[in-house]
2 protein chains.
Amino acid sequence: MLIVKKFGGSSVANRERIFNVARRCIEDYKAGHDVVVVLSAMGDTTDDLIDMARSINEHPPKREMDMLLSVGEQMSVAYMGMAMDALGVPAVSLNAFQVQMHTNSSYGAAKLKRIDTERIRNELEMHKIVIVTGFQGVNKFDDVTTLGRGGSDTTAVALAACLHADSCEIYTDVDGVYTADPRIVPNARKLSEISYSEMLEMATLGAKVLHNRSVEMANKYGVRLVVRSSLNTNEGTVVKEAARMEKMIVSGVASDKDVARISVMGVENEPGIAFKVFNSLAKKKINVDIILQSVGRDGTKDIAFTVARGDVEAAIDVIREDMKIFTAKGYEVEEGVAKVSVIGAGMTSHPGVAAKMFEALSGGGINIKMISTSEIRITVVVDEADADRAVRRIHDAFDLGD
Amino acid sequence: MLIVKKFGGSSVANRERIFNVARRCIEDYKAGHDVVVVLSAMGDTTDDLIDMARSINEHPPKREMDMLLSVGEQMSVAYMGMAMDALGVPAVSLNAFQVQMHTNSSYGAAKLKRIDTERIRNELEMHKIVIVTGFQGVNKFDDVTTLGRGGSDTTAVALAACLHADSCEIYTDVDGVYTADPRIVPNARKLSEISYSEMLEMATLGAKVLHNRSVEMANKYGVRLVVRSSLNTNEGTVVKEAARMEKMIVSGVASDKDVARISVMGVENEPGIAFKVFNSLAKKKINVDIILQSVGRDGTKDIAFTVARGDVEAAIDVIREDMKIFTAKGYEVEEGVAKVSVIGAGMTSHPGVAAKMFEALSGGGINIKMISTSEIRITVVVDEADADRAVRRIHDAFDLGD
């Protein structure tokens, strides 16, 4: 088997943890597998580099920033190569140049275009463990790029896809994907399997186990993902095509508290007005989530939507500026709200999921402010203060716990 | 003009010094010159990386060590790029991959083979300051190498040679090359010019301003070297072909206290014995310096030579092992000795230099233990306790001071 294993920054934060990771990789190697390891920068390395950079230049050129930040992963892979050598196993570290991990030139948020696999395959043939820098690439000018958010996960999945790996294991500080956040729902249960699309909804909706970018890529190329803990040898959760062993209707409950609701009120009931609002917001790269439109008695409309709290200020600027174009009479902002969602591929064929969810909420006296649905997800917006309780009630109602 | 400027690790050790270097480079840039800057790793970065590496693996694989250490210079050049941007000047940082700084595969002590200049020339044409990582290269496998001792100086001189630079400025913490170490000889005078061969003797003999490796390369390719201070704007010392303005006989006095004398005694007076001794030492990579051979009354020979103190133990191992082959009756080690040398291209045409030197020493009651001469150098071995006084007496005798 060829296994790609990815470890995050906290898993390689010091000497002991580096050896811990080295031993995990060597187990697979000694079992006869080809092993490719993808590493992030150690612990606080990246933050330290950013702090120094900002002390020199408040807005450092993005190209130079990527040149700087890429050293973090290079340190991790070199140390890992030394640790494996100390344990008597041949290993070789490779950076993005050496692999030739081609990206476009969006410094700080580059997209992978192509990965050359020849060097990695040659090293594997020489029976070495191959240790690759996550998060980074190289563009057509031979300049260093970084992939931005979820970068190392993406590197691992992309490598697994190009190498046709049998499995891509993402190591985190949790055992796998749970039916809900165990900190909120103590009896949350670890899922043995989840489909790509469910995982995507979970990722997008606040379960911070995997970045949706890596899940999307895994889905596209059919990479078998395994989410497991770097602290123990528990089985973890397999993310793969829909085919599931356990026929559960709902696979999990997720909540997201980084939400604000904005309402634009008294808009004339004409076609195209909503388009104008959302077009103006999109131009400022403000991501709008749940949208609700209602017509009042005077014939005007209220348009409400949710945004991440960090985007509230920019959104309000847009609305104030274009108030006349929107024919709006006013706007309202509510920051203390949260999204709570049930996710499950099974719900498409099982009516009554929404009813059961709303019953659980109303039974707890929790008021629903907005509702949004997709084929495998039902999301409600509630008061932030009610969010954790809502998650627990829904989790109980669908009998997801141990 | 095209100017290559090299700054060492202490010159870029913190934010303030980075900006200081940036401003020095920008002065030349604004005067209309093309500027290429070569940087070492910041302050203690390299030591910190080595410490961590050794904590993981007492004998880290050299390839991984180079992969690790090369991040130090990459951080320096990225920070410098940000500082220049903050000062409003276009700059670009390049590592050894981006330049394509080709070396052989001797990890930790790689030799430069070829430097591609296309990328640098393109960036200069776009009117940017080009900031290049010193000390590092890339081999034919695309693996990172480091150049070892004096690496960044060598990078700078090699770049100056390939780019046909008008000048290669090496910035240090002293004003230039002095007639003697100013800490030993308070009235030592800064030389405005020195020839390559004199500089080579000075470098080899303990004036730690320039590494002889970079001086040799400058000599070979006719690169005009300037040694100057990063702390002030004084003129510095120009190292170039022999043609000199001031016709001095002696240009400087150097001392080296990292010396031990080893004597192998009672060796049979047959041809080839000395060869056997030095051949055995060479095989263990022990560098032998001054050699003295004397024939005693009983017809046997004593062979004495100097080595660096760090090599004493290894040298004794060789001698003990091959005692019979050497036909030796015993050996002696004296660690408390030092080399004192006068250097000067002028002395070839001026007899009496040696006499004047010996007179200065004997006038001070300083005993000479060994003597060695070349065309532009006379070296004596004296007691270490006499070394500084010897330097001052010789400096005075040749009237080198201010």
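For the structure, see preceding data.
For clarity, every value in this text was computed on a predicted model and none was experimentally measured.

Asker: For the packing of helix α6 (residues 151–162) of chain B against helix α8 (residues 212–221) of chain B, give the residues involved together with the corresponding values.
Answerer: All names here are of chain B. Here α6 crosses α8 at 10°, and the two axes come no closer than 8 Å. On the basis of the axis angle, α6 is roughly parallel to α8. Two secondary-structure elements touch here, α6 through Asp 153, Thr 154, Val 157, Ala 158 and Ala 161 and α8 through Arg 213, Ser 214, Met 217, Ala 218 and Tyr 221. Its residues assigned to classes, the contact of α6 with α8 shows six nonpolar, two polar and two charged.

Asker: Before we move on, can you summarise the nonpolar core with the specific residues and values?
Answerer: Counting 76 residues, the largest nonpolar core has A:Tyr79, A:Met84, A:Ile129, B:Tyr79, B:Met84 and B:Ile129 as the members making the most contacts within it. Aside from chain neighbours lying at most four places away, what touches A:Ile129 is A:Cys25, A:Ile26, A:Tyr29, A:Val35, A:Val37, A:Met84, A:Val89, A:Pro90, A:Ala91 and A:Val92.

Asker: Any chance you could break down the interface of chain B and chain A for me, citing the residues and the numbers?
Answerer: Each partner contributes residues to the interface: chain B has 43 residues there, and chain A has 43 residues. Here chain B meets chain A over a buried area of about 3400 Å², counting both sides, of which 62% is carbon and sulfur. One can count two salt bridges joining chain B with chain A. The partner of A:Arg119 in a salt bridge is B:Asp143, with the nearest N and O atoms 2.8 Å apart. At the junction of chain B with chain A, the criterion picks out 20 residue pairs in polar contact (both at pLDDT 80 or more). Among the elements that take part in the side of chain B that touches chain A, helix α3 (residues 62–86) of chain B stands out by supplying 17 residues, more than any other. Among the residues forming the side of chain B that touches chain A, the class breakdown is 26 nonpolar, 10 polar and seven charged.

Asker: I'd love a proper account of helix α8 (residues 212–221) of chain A, names of residues and values included.
Answerer: Residue and element names in this part refer to chain A. Taken together, the buried positions of α8 are Ser 214, Val 215, Met 217 and Ala 218. Around the axis of α8, the buried residues are gathered within 165° of arc, so they sit on the same side. Residue Gly 222 follows α8 closely and has a positive phi angle near 65°.

Asker: Summarise α6(B); cite the residues concerned and give the values.
Answerer: All names here are of chain B. For α6, spanning 12 residues, the distance from its first C-alpha to its last is 16 Å, which sits close to the expected 16 Å at 1.5 Å a residue. Within α6, 11 of the 12 residues are buried, leaving the element largely enclosed by the surrounding structure. Turning to α6, its buried residues number three or more, namely Gly 151, Ser 152, Asp 153, Thr 154, Thr 155, Ala 156, Val 157, Ala 158, Leu 159, Ala 160 and Ala 161. Where α6 ends, the next residue or the one after it, His 164, has phi of about 50°, a positive value.

Asker: Which residues make up the pairing of strand β9 (residues 167–172) of chain B, and what values go with them?
Answerer: All names here are of chain B. β9 sits mainly inside the fold: six of its six residues count as buried. The alternating pattern of β9 places Ser 167, Glu 169 and Tyr 171 and Cys 168, Ile 170 and Thr 172 on opposite faces, both of which are buried. Across five bridges, strand β1 (residues 2–7) lies against β9 in parallel orientation. Of the residues in β9, the one forming a bridge with Ile 3 is Ser 167. With five bridges connecting them, β9 and strand β11 (residues 225–229) associate as parallel partners.

Asker: Describe the packing of aromatic side chains, and please don't skip the residues or the numbers.
Answerer: Residues and elements named next belong to chain A. Inspection of every chain in the model, using the stated rule, returns five aromatic pairs over all chains. Measuring from centroid to centroid gives 4.3 Å for Phe 7 and Tyr 171, while their planes differ by 15°, and the two rings are stacked. Here Tyr 171 lies in strand β9 (residues 167–172) and Phe 7 lies in strand β1 (residues 2–7), a separation of 164 residues in the sequence. Note on accessibility: Phe 7 and Tyr 171 belong to one class, buried.

Asker: Summarise the pairing of strand β13 (residues 252–267) of chain A; cite the residues concerned and give the values.
Answerer: All names here are of chain A. β13 sits mainly inside the fold: 13 of its 16 residues count as buried. Where β13 and strand β16 (residues 330–343) come together, 11 bridges link them in antiparallel fashion. Within β16, the residue paired with Val 253 across the bridge is Val 342. By the bridge criterion, six bridges tie β13 to strand β15 (residues 301–307) in an arrangement that is antiparallel. For Arg 261, the partnering residue across the bridge sits in β15 and is Thr 306.

Asker: Which residues make up the sheet that holds strand β15 (residues 301–307) of chain B, and what are the values?
Answerer: Residues and elements named next belong to chain B. Pairing in this open sheet of six strands is antiparallel, and the strands run β14-β15-β13-β16-β18-β17 from one edge to the other. Each edge of the open sheet carries a strand with a single partner, namely β14 (291–295) and β17 (370–374). Adjacent strand axes in the sheet meet at a mean angle of 25° when their direction is disregarded. As paired strands, strand β16 (residues 330–343) and strand β18 (residues 377–383) are joined by seven bridges and run antiparallel to one another. Each bridged residue has a counterpart across the sheet, and for Ile 343 the counterpart in β18 is Arg 377. In this fold helix α9 (residues 273–283) packs onto β13 (252–267), β14 and β15, with an angle of close to 25° to the strand it touches most, β15. This element, helix α11 (residues 353–363), spans β16, β17 and β18 of the sheet and lies at about 20° to β18.

Criteria and cut-off values
Along every chain, residues carry numbers that run from 1 in the direction the sequence is written. Lettering for chains starts from A, numbering for ligands starts from 1, and both go in the order in which the items are written. Given that the model is predicted, a residue must reach a pLDDT of at least 70 before its local features are reported, and side-chain atom pairs must reach 80 or more before they are shown or counted; all residues, however, enter totals for whole chains, interfaces and linings. Side-chain metrics in this entry use all non-hydrogen atoms of the structure; hydrogen atoms and water are not considered. Geometry is summarised by axes, namely lines fitted to C-alpha atoms with helices restricted to the contacting stretch, and by angles between N-to-C directions that run from 0 to 180 degrees. Each helix is a run of DSSP H or I of at least 4 residues and each strand a run of E of at least 2, with the numbering of both proceeding from the N terminus. For classification, angles of less than 35 degrees are called roughly parallel, those exceeding 145 degrees roughly antiparallel, those between 65 and 115 degrees roughly perpendicular, and all remaining angles oblique. Note on contacts: a residue pair is in contact if any heavy atoms of the two residues lie within 4.5 Å. Classification convention: Asp, Glu, Lys, Arg as charged; Ala, Val, Leu, Ile, Met, Phe, Trp, Tyr, Cys, Pro as nonpolar; all other residues, Gly among them, as polar. For the purposes of this section, nonpolar cores are sets of buried Ala, Val, Leu, Ile, Met, Phe, Trp, Tyr and Cys residues that join through side-chain atoms within 4.5 Å. Here's how the labels work: a residue is buried when its accessible area is under 20% of the maximum for its type, exposed when over 50%, partly exposed in between, all with a 1.4 Å probe on protein chains only. When two parts are put together, the accessible area they lose, computed with a 1.4 Å probe and summed over both, is reported as buried area. In the sections that follow, a salt bridge refers to a side-chain nitrogen of Lys or Arg positioned within 4 Å of a carboxyl oxygen of Asp or Glu. Side-chain atoms alone can form a polar contact between residues adjacent in sequence; in general such a contact is a pair of N or O atoms within 3.5 Å, and within protein one must be able to donate a hydrogen while the other accepts it. Taking the helix axis as origin, the arc is that swept by the directions to the C-beta atoms. For a helix, the expected span equals 1.5 Å multiplied by the number of residues minus one. The criterion for strand pairing is that DSSP finds at least two bridges linking the strands in question. Any two rings among Phe, Tyr and Trp, with Trp reduced to its six-membered ring, count as a pair given centres within 6.5 Å; such a pair is stacked if its planes are under 30 degrees apart, edge-to-face if over 60, and tilted if neither.

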